[in-house]
Amino acid sequence: MKRISPLLLTLAFAPLAACATHDATAPADTQITAASTDTTETTPARRSADGHSKDAFFSKYDVNGDGHVTQAEFMAERANGYHRRDANGDGNVQSEEYVSEYEIRLIEQLEEQHKRQIDQADFRFTVLDKNEDGNLSLDEFHASGERMFSTLDSNKDGIVDEQDEKDNY
Ligand SMILES: [Ca+2]
Ligand SMILES: [Ca+2]
Ligand SMILES: [Ca+2]
Ligand SMILES: [Ca+2]
């Protein structure tokens, strides 16, 4: 596949992430996972609000896997992170080293997200293509639209407005 710049990827994903109503009834995970982001600027406590971040924290810092992260384990991994950033190994992390280390991780993250979203689009097509003929007919497309409208029109009066539940968007 042609490589797409990270900026374009970000722009391409923005509308997807902002809209929860998809063309298929299949659930789509459009969340950017926090697993591969670093904790340098964000405290672990804040990021452990969901289970995924907690798992990521333990897999990163609980080196001996005993379910506890000692301060020694934590600081050892922090030291690894520092040395990883010190690309020229001079014992200092310059601005360029810091930023480029982040950029590499960001690009990896966006590429992973891109692949996941494309896989999801593939999957949504299989859900939409009810008769599995490899073609999304207008009828099949409309069937999905009717399901979406019906979900949004929670009081089933044929109109989507303030009377309907907002949670369905
Ligand atoms: Ca441990
Ligand atoms: Ca350096
Ligand atoms: Ca079809
Ligand atoms: Ca309604």
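This structure is a prediction, so every number in the text was calculated from the model and none was measured.

A.B. asks: Whenever I open this one, the overall build of the protein confuses me. Can you help?
C.D. replies: Within the protein, the regular secondary structure consists of six helices and zero strands. The linear arrangement of helices and strands in the protein, starting from the amino end, is α-α-α-α-α-α. Counting every position in the protein, which comprises 169 residues, the buried fraction comes to 22%. Partitioning the intrachain contacts of the protein with sequence separation of at least 6 by distance along the chain shows that 43% fall at a separation of at least 24. Total accessible area on the protein is roughly 11600 Å²; 57% of this is exposed by carbon and sulfur atoms.

A.B. asks: I keep staring at helix α5 (residues 95-128) and nothing clicks. Help me out?
C.D. replies: Because each turn of an α-helix spans 3.6 residues, side chains separated by three or four positions in sequence point in the same direction. A rise of 1.5 Å per residue sets the reference length of α5, with its 34 residues, at 50 Å; its end C-alpha atoms lie 48 Å apart and thus fit the reference within 8%. The set of residues buried in α5 consists of E97, E101, R105, Q109, L110, Q113, H114, Q117, Q120, R124, V127 and L128.

A.B. asks: I keep staring at the coordination of the calcium ion (ligand 1) and nothing clicks. Help me out?
C.D. replies: Distances from the calcium ion (ligand 1) to its protein donors, D62 (OD), N64 (OD1), D66 (OD), H68 (O), E73 (OE) and E73 (OE), fall at 2.2 to 2.5 Å. Geometry at the calcium ion (ligand 1) is irregular, judged from the six donor atoms that bind it and their angles of 54 to 157 degrees at the metal. Considered as a linear motif, the donors of the calcium ion (ligand 1) on their single chain read D-x1-N-x1-D-x1-H-x4-E. On the basis of relative accessibility, which here comes to 10%, the residue D62 falls in the buried class. For D66, a relative accessible area of 40% translates into the label partly exposed.

A.B. asks: Help me understand the coordination of the calcium ion (ligand 4) in this model?
C.D. replies: Reference values for coordination geometry: four tetrahedral donors around a metal ideally subtend 109.5 degrees, six octahedral donors ideally subtend 90 or 180 degrees. Coordination of the calcium ion (ligand 4) by the protein comes from D153 (OD), N155 (OD1), D157 (OD), I159 (O), D164 (OD) and D164 (OD), over a distance range of 2.1 to 2.5 Å. One can describe the donor arrangement at the calcium ion (ligand 4) as irregular, given that its six donor atoms subtend angles of 53 to 164 degrees at the metal. All donors of the calcium ion (ligand 4) come from a single chain, and their spacing in sequence reads D-x1-N-x1-D-x1-I-x4-D. Relative accessible area serves as the criterion here: at 38%, N155 is assigned to the partly exposed category. Using a relative accessible area of 3% as the deciding quantity, one classes D164 as buried.

A.B. asks: Hey, could you run me through helix α6 (residues 138-152) in this one?
C.D. replies: When the terminal C-alpha atoms of α6 are compared, their 21 Å separation across 15 residues agrees well with the 21 Å that a helix rising 1.5 Å per residue should span. Buried residues of α6: E140, S144 and L152, and no others. One side of α6 holds all its buried residues, which, seen down the axis, span an arc of 120 degrees. Those residues of α6 that are exposed and aimed more than 90 degrees away from the buried face are L138, D139 and E146. In the core, the buried residues of α6 are packed alongside α5.

A.B. asks: In this structure, what is going on with the side chain of E73? I would like to understand it.
C.D. replies: Along the chain, E73 falls in helix α4 (residues 71-85). The side chain of E73 sits in the buried core without any salt bridge; R78 is the nearest counter-charge, 14 Å away. Of the polar contacts made by the side chain of E73, one reaches the backbone nitrogen of V63; its length is 3.2 Å. Within the local environment of E73, its side chain forms a polar contact with the backbone nitrogen of N64, the two atoms lying 3.2 Å apart. Setting aside residues up to four positions removed in sequence, E73 forms contacts with Y61, D62, V63, N64 and H68.

A.B. asks: What should I look at first to understand the pattern of salt bridges in this one?
C.D. replies: If the charged atoms of two oppositely charged side chains come close together, the side chains can form a pair. Enumeration according to the criterion identifies six salt bridges in this entry. A salt bridge links E101 to R84, with the shortest nitrogen-to-oxygen separation between them at 3.0 Å. You can see E101 sitting in helix α5 and its partner R84 sitting in helix α4, a full 17 residues away along the chain. A relative accessible area of 7% means that E101 is categorised as buried. For R84, a relative accessible area of 40% translates into the label partly exposed. The partner of E162 in a salt bridge is K166, and the shortest N-O contact between them spans 3.4 Å. Connected through shared salt-bridge partners, R84, R85, E101 and R105 make up one network.

Parameters and conventions
Residues numbered from 1 in each chain as written. Chains lettered and ligands numbered in written order. Predicted model: local features only at pLDDT ≥ 70, side-chain atom pairs only at ≥ 80, totals over all residues. Heavy atoms only, no water. Helix = DSSP H or I, 4+ residues; strand = E, 2+ residues; numbered from the N terminus. Buried < 20%, exposed > 50% of the residue type's maximum accessible area, 1.4 Å probe, protein only. Contact = heavy atoms within 4.5 Å. Areas by Shrake-Rupley, 256 points an atom, 1.4 Å probe, with all protein chains shown as cover. Expected span 1.5 Å × (residues − 1). Donors = N, O, S within 2.8 Å, 3.2 Å for Na, K, Ca; no water. Tetrahedral: all angles 85-135°; square planar, octahedral: opposite > 155°, others 65-115°. Arc of directions from axis to C-beta. Lys, Arg positive; Asp, Glu negative; His and termini not counted. Salt bridge = Lys/Arg side-chain N within 4 Å of Asp/Glu carboxyl O. Polar contact = N/O pair within 3.5 Å; in protein donor to acceptor, adjacent residues only side chain to side chain.

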